[in-house]
Amino acid sequence: MFSVIKKWASFVRFSHTVFALPFALAAMLVAARDHRGWPGGKTFGLILAAMVCARTCAMAFNRIVDRKFDALNPRTKNRHLPSGQISLVSAIALCALAAVGMVVASYYLNPRCFYLSPVALVLVCFYSLTKRFTDYTHVFLGLALALAPVGAWLAVKGQFGFPPASEFSMNAAWFDSARTALAPFVLAAAVILWLVGFDIIYALQDYEFDKAHGLRSLVVAWGPQNALAAAFLAHMTMCGVLLGFGLLCGFHIAYLIGWLIILGCLVMEHWIARRRSLNWINVAFFRLNALVGIIFLVVVAVEVIFQGGFKLR
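The rules behind the values
- Residues numbered from 1 in each chain as written.
- Predicted model: local features only at pLDDT ≥ 70, side-chain atom pairs only at ≥ 80, totals over all residues.
- Heavy atoms only, no water.
- Axes fitted to C-alpha atoms, helices over the stretch in contact; angles between N-to-C directions.
- Helix = DSSP H or I, 4+ residues; strand = E, 2+ residues; numbered from the N terminus.
- Parallel < 35°, antiparallel > 145°, perpendicular 65-115°, else oblique.
- Left-handed = near helix turned anticlockwise from the far one by under 90°.
- Contact = heavy atoms within 4.5 Å.
- Nonpolar A, V, L, I, M, F, W, Y, C, P; charged D, E, K, R; others polar.
- Buried < 20%, exposed > 50% of the residue type's maximum accessible area, 1.4 Å probe, protein only.
- Polar contact = N/O pair within 3.5 Å; in protein donor to acceptor, adjacent residues only side chain to side chain.
- 1 Å grid on protein atoms, 1.4 Å probe; cavity = no way out; pocket = protein on both sides within 12 Å on 5 of 7 lines; lining within 4 Å.
- Points joined across faces, edges and corners; volume = space filled by probe spheres on them.

Caption draft 1: The packing of helix 7 (residues 111–130) against helix 8 (residues 137–157), seen in detail. Across the interface, helix 7 lies against helix 8 with an axial gap of 8 Å and an inter-helix angle of 160 degrees. One element, helix 7, and the other, helix 8, form an angle in the roughly antiparallel class. When the axes of helix 7 and helix 8 are compared, the crossing they make is left-handed. Along the contact surface, helix 7 presents Arg112, Cys113, Leu116, Ala120, Leu123, Val124, Phe126, Tyr127 and Thr130, while helix 8 presents Thr137, Phe140, Leu141, Ala144, Leu147, Gly151, Leu154 and Ala155. Of the residues in the contact of helix 7 with helix 8, the class split is 13 nonpolar, three polar and one charged.

In structure tokens, the structure reads:
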């Protein structure tokens, strides 16, 4: 049983859940900050279920539609579908089951999540097709993962809470409402920039293969060095957006410390990508970016749970 679970977890790269999940949970914490970040056991469980199901559906879909390219690529030819470890029928069944699971979890969250769940599924799966017709496939991946914090926020609040423009006034309450409602979208923008940066680095591994087989990416379109420069710009802009998110949420010293560590991780990632061989890409791609997500979640949790108790005086 353990070996079967391990095989299916490897098929959908379950360990990569660490990329989107911390940002979704961070959005959940901020949305529920009136209750010290805890939205209730039911909501928390449903958010986790929806996240895991959506990601499983998207990754299974990716493996299904890319199976022919995976079979040709020396780096990916031993993946489960090309090597026959998992049948195509089983992969399709998993994809469909995960999609149903995501919709069901959304149904029990609130009506808005339920009505938007098919749209979210289309968006997270659509990324897998983009390398066939656009160089900006990394942006589509970013958009797919950016749905995580937005969806988690909506799961807790049921709405975004923008104050009506007709009620605009210069009082603090109106601006506080607008600032709070902007927070998940600012975080989503940071996730997009983060994904663009590290997906470009990941795409370096397949530069020659993609170029030879007509698959598109910014690495193929601009060349590795120019694409790496764009990735660095995306990550530095992401750091600026994350700082803006902290200001919107009224965070203080704990968040600032975490932000500095995240900045250091991203700078190190680009140093590795430029100075080391492709064998180091997985270090830059997985370990450092997983650390970025975990640090971000931890400092947001500290700020929300202690409610500004780390404020500089």
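Caption draft 2: Region of the structure containing the side chain of Asn289. Summarising the element assignment, Asn289 is placed in helix 14 (residues 281–305). Accessibility expressed as a relative area gives 0% for Asn289, which makes it buried. Separated by 3.0 Å, the side chains of Asn289 and Glu269 make a polar contact.

Caption draft 3: Seen up close, the layout of surface pockets. Within this model, the second largest pocket holds a volume of roughly 180 Å³. What lines the second largest pocket is a set of 13 residues, among which Val30, Arg33, Trp153, Asp176 and Thr180 lie closest to the centre. Of all the elements in the fold, those that place two or more residues in the lining of the second largest pocket are helix 2 (17–31), helix 8, helix 9 (172–203) and helix 12 (224–249). Among the elements that line the lining of the second largest pocket, the one with the most residues is helix 9, at four residues. In the lining of the second largest pocket, the residues fall into six nonpolar, two polar and five charged.

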